[in-house]
Amino acid sequence: MIKNEESALKIAEFLLQIKAIKLQPDNPFTWASGWKSPIYCDNRKTLSYPKIRTNIRQQFVEMINLEFGKPDLIAAVATGGIAHGVLVAQELGLPFVYVRSEAKVHGLGNVIEGVVESGQSVVVIEDLISTGGSSLKAVEALRKERCTVKGLISIFSYGFKTADEAFKKSKCNAVSLCDYDALVKQALKSKYITDNDLQSLQSWRENPSDWKKEVKV
């Protein structure tokens, strides 16, 4: 869910401009899951562009202040959320940690890297939400340390119903700076895509696991 469409459209414009997001309805990508997809997202590219990186940091901070209030701690989901999480923590003058997808197999076997104290309130920074699985694993790891997770903010979300349901079930408030609807709207406005591409893009988002059966690749 986005809270500010104007800001979301601006971020969508940036992501398309630097090819952090690519839309190819006629030449789909293959995800690690095996899904065929008309979209590919790599938000790490935003770190190479100071103006865009700064805009994203500012939007994160504004969203935190408006939606959650200042927490005790900023956490990020490894690895895509780490750099942006550090920038946000620095801006707010807060401690920072990041959460691994799995415990380390050597040393102390940490899942959370950094100092976490029981009772701290936390906002989690993520770069991308697809099904929500990795994001919620990070949320649960923080809760296991008896932190209060105030919410999670991502740069971009595909807006899958499965993710929305998963966050609701976990009682975690998740918001995004930009989402699939805003992206498609901006892509059409900037003529990155045509009206003929819309149906394919919409049908993918509604049923991504079966979309590959509907297209020739």
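Above this text sits the structure in question.
Residues numbered from 1 in each chain as written. Predicted model: local features only at pLDDT ≥ 70, side-chain atom pairs only at ≥ 80, totals over all residues. Heavy atoms only, no water.

## Section: the overall build of the protein chain
Part 1 of the argument: Along the protein chain, the regular secondary structure elements total seven helices and ten strands.
Part 2 of the argument: For a compact globule of 217 residues, the expected C-alpha radius of gyration is about 17 Å, and the protein chain comes in at 17 Å, within 12% of that figure.
Part 3 of the argument: Principal-axis analysis of the C-alpha atoms places the extent of the protein chain at approximately 50 × 35 × 30 Å.
Part 4 of the argument: By the burial criterion, 47% of the 217 residues in the protein chain qualify as buried.
Part 5 of the argument: When the accessible surface of the protein chain is summed, it comes to about 11,400 Å², and 47% of that surface belongs to carbon and sulfur atoms.
Part 6 of the argument: Taking the average location of the 29 positive side-chain charges in the protein chain and that of its 25 negative ones, the two points are 3 Å from each other. (Helix = DSSP H or I, 4+ residues; strand = E, 2+ residues; numbered from the N terminus. Rg over C-alpha atoms; globule rule 2.2 N^0.38 Å. Buried < 20%, exposed > 50% of the residue type's maximum accessible area, 1.4 Å probe, protein only. Areas by Shrake-Rupley, 256 points an atom, 1.4 Å probe, with all protein chains shown as cover. Lys, Arg positive; Asp, Glu negative; His and termini not counted. Charge placed at Lys NZ, Arg CZ, Asp CG, Glu CD.)

## Digging into the pairing of strand β9 (residues 148-157)
Part 1 of the argument: Of all ten residues making up β9, eight are buried, and the element is well covered by its neighbours.
Part 2 of the argument: Relative to β9, strand β8 (residues 121-129) runs parallel, the two being bridged by eight bridges. Across the sheet, residue L128 finds its bridge partner in β9, namely F156.
Part 3 of the argument: In this fold, the crossover linking β8 to β9 by way of helix α4 (residues 133-144) has right-handed handedness. (Pairing = 2+ DSSP bridges. Right-handed = clockwise from strand over helix to strand, strands pointing away.)

## Section: the pattern of salt bridges
Part 1 of the argument: Scanning all chains against the criterion turns up nine salt bridges.
Part 2 of the argument: Two residues, R44 and D42, come together in a salt bridge whose shortest N-O distance is 3.1 Å.
Part 3 of the argument: With relative accessibility at 48%, the residue R44 sits in the partly exposed group.
Part 4 of the argument: R100 is the salt-bridge partner of E113, the closest N and O atoms lying 2.8 Å from each other. Taken together, the positions of E113 in strand β7 (residues 112-113) and R100 in the loop between β6 (96-99) and β7 put the pair 13 residues apart, joining distant regions of the chain. (Salt bridge = Lys/Arg side-chain N within 4 Å of Asp/Glu carboxyl O.)

## Some thoughts on the packing of aromatic side chains
Part 1 of the argument: Inspection of every chain in the model, using the stated rule, returns ten aromatic pairs.
Part 2 of the argument: Where W31 meets W35, the ring centres are 5.7 Å apart and the plane angle is 25°; that geometry is what we call stacked.
Part 3 of the argument: Taking the centre distance of 5.2 Å and the plane angle of 45° together, the rings of W31 and Y158 count as tilted. With W31 in the loop between β2 (29-30) and β3 (36-37) and Y158 in the loop between β9 and α5 (161-170), this residue pair connects regions lying 127 residues apart in the sequence.
Part 4 of the argument: W31 gets classed as buried once you look at its relative accessible area, which sits at 17%.
Part 5 of the argument: Every member of this aromatic cluster is reached through a ring pair, and the members are W31, W35, F156, Y158, F160, Y180 and W204. (Phe/Tyr/Trp six-rings, centres within 6.5 Å; stacked < 30°, edge-to-face > 60°.)

By themselves these figures say nothing about function.
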